[in-house]
Amino acid sequence: MNYFLIGLKKYSQFHGRSPRREYNYFVLFSIIFSFLVILLSPFFSLLIFNDNQENATFLMLGIIIFFTIIITIPAIALTTRRLHDVGYSGWLQLLCLVPILNLSFFILFFKQGTVGLNKYGPDPIKTN
């Protein structure tokens, strides 16, 4: 959970490096929280609007969109820092938009980061 909070605290930091563990835990907790928001938002919206199904649906969608907006910028920043740790530019994230290349993109996140100093900064494991 601590790594998820670190990712949220560094939401606007696109420079530097992030270790593999920080990225993986952020993604794991983001997925868990997304499922919880999706599963629990219908119940909360129906509790607030008892019989009005239309208002409950709008509230449910609003909760899901709000969570997505909150998590998007920190996820992009953390992905940029993770790519820096592997030795690549953060602009490589744009490969996710290409259907076949996005599968090969995820292999980069399982690579071990560059040991020591690279052009994006010092080793994040040794500086923590």
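These numbers come from a predicted model, not from an experiment. (Residues numbered from 1 in each chain as written. Predicted model: local features only at pLDDT ≥ 70, side-chain atom pairs only at ≥ 80, totals over all residues. Heavy atoms only, no water.)

Novice: I keep staring at the packing of helix H2 (residues 20-48) against helix H3 (residues 53-86) and nothing clicks. Help me out?
Specialist: Angle between the axes and distance between the axes are the two parameters that describe a pair of packed helices. At a closest axis distance of 8 Å, the pairing of H2 and H3 adopts a crossing angle of 175 degrees. On the basis of the axis angle, H2 is roughly antiparallel to H3. A per-class count over the contact of H2 with H3 returns 18 nonpolar, 6 polar and 5 charged. (Axes fitted to C-alpha atoms, helices over the stretch in contact; angles between N-to-C directions. Helix = DSSP H or I, 4+ residues; strand = E, 2+ residues; numbered from the N terminus. Parallel < 35°, antiparallel > 145°, perpendicular 65-115°, else oblique. Nonpolar A, V, L, I, M, F, W, Y, C, P; charged D, E, K, R; others polar.)

Novice: It is not clear to me how the layout of surface pockets should be interpreted in this structure. Could you clarify?
Specialist: Taking a probe equal in size to a water molecule and rolling it over the atoms shows the remaining empty space. Its volume calculated, the largest pocket comes out at about 280 Å³. Considering the residues around the largest pocket, the lining is formed by 14 residues, among which Phe26, Val27, Ser30, Ile71 and Ala75 are closest to the centre. Looking at which element gives the most residues to the lining of the largest pocket, the answer is H3, with 7 residues. (1 Å grid on protein atoms, 1.4 Å probe; cavity = no way out; pocket = protein on both sides within 12 Å on 5 of 7 lines; lining within 4 Å. Points joined across faces, edges and corners; volume = space filled by probe spheres on them.)

Novice: Could you clarify how one ought to interpret the packing of aromatic side chains in this entry?
Specialist: Given two aromatic rings, their pairing is described by the distance between the two centres and the angle made by the two planes. For the structure on display, the rule yields 4 aromatic pairs. One aromatic cluster is present, built from ring pairs that chain together Phe4, Phe26, Phe29 and Phe33. (Phe/Tyr/Trp six-rings, centres within 6.5 Å; stacked < 30°, edge-to-face > 60°.)

Novice: Would you take a moment to explain the environment of Met1 for this structure?
Specialist: Mapped onto the secondary structure, Met1 falls in the segment before helix H1 (2-9). Met1 sits 21 residues away from Glu22 along the chain, and the two C-alpha atoms are 9.9 Å apart. Contacts of Met1, omitting those with residues within four sequence positions, involve Phe29 and Phe33. (Contact = heavy atoms within 4.5 Å.)

Novice: Can you walk me through the side chain of Asn118 in this structure?
Specialist: On the secondary structure map, Asn118 appears in the loop between helix H4 (101-105) and helix H5 (124-127). We classify Asn118 as buried; its relative accessible area is 14%. One polar contact links Asn118 to Arg17, side chain to side chain, over a distance of 3.5 Å. There is a polar contact of 2.9 Å between the side chain of Asn118 and the backbone oxygen of His84. Once residues within four sequence positions are removed from consideration, Asn118 is found in contact with Arg17, His84, Asp85 and Gly87. (Buried < 20%, exposed > 50% of the residue type's maximum accessible area, 1.4 Å probe, protein only. Polar contact = N/O pair within 3.5 Å; in protein donor to acceptor, adjacent residues only side chain to side chain.)

Novice: Would you mind showing me how to read the packing of H1 against H3 here?
Specialist: Put simply, H1 and H3 touch, their axes get as near as 8 Å, and they point 100 degrees apart. In terms of orientation, H1 and H3 fall into the roughly perpendicular class. Two secondary-structure elements touch here, H1 through Phe4, Gly7 and Leu8 and H3 through Ile71, Pro74 and Arg81.

Novice: How should the pattern of salt bridges be read in this particular structure?
Specialist: Side chains that differ in charge, positive against negative, can pair when their charged atoms come close. Counted according to the given criterion, the structure contains 4 salt bridges. Arg81 is the partner of Glu22 in a salt bridge, and the nearest nitrogen-oxygen pair spans 3.7 Å. Separated by 59 residues along the polypeptide, Glu22 in helix H2 and Arg81 in helix H3 bring together distant segments of the chain. Judged by its relative accessible area of 3%, Glu22 falls in the buried class. Relative accessible area serves as the criterion here: at 1%, Arg81 is assigned to the buried category. In this structure, a network of salt bridges that share partners links the residues Arg17, Arg82, Asp85 and Asp123. (Salt bridge = Lys/Arg side-chain N within 4 Å of Asp/Glu carboxyl O.)

Note that every value here comes from positions in space, so none of it alone points to a role or purpose.
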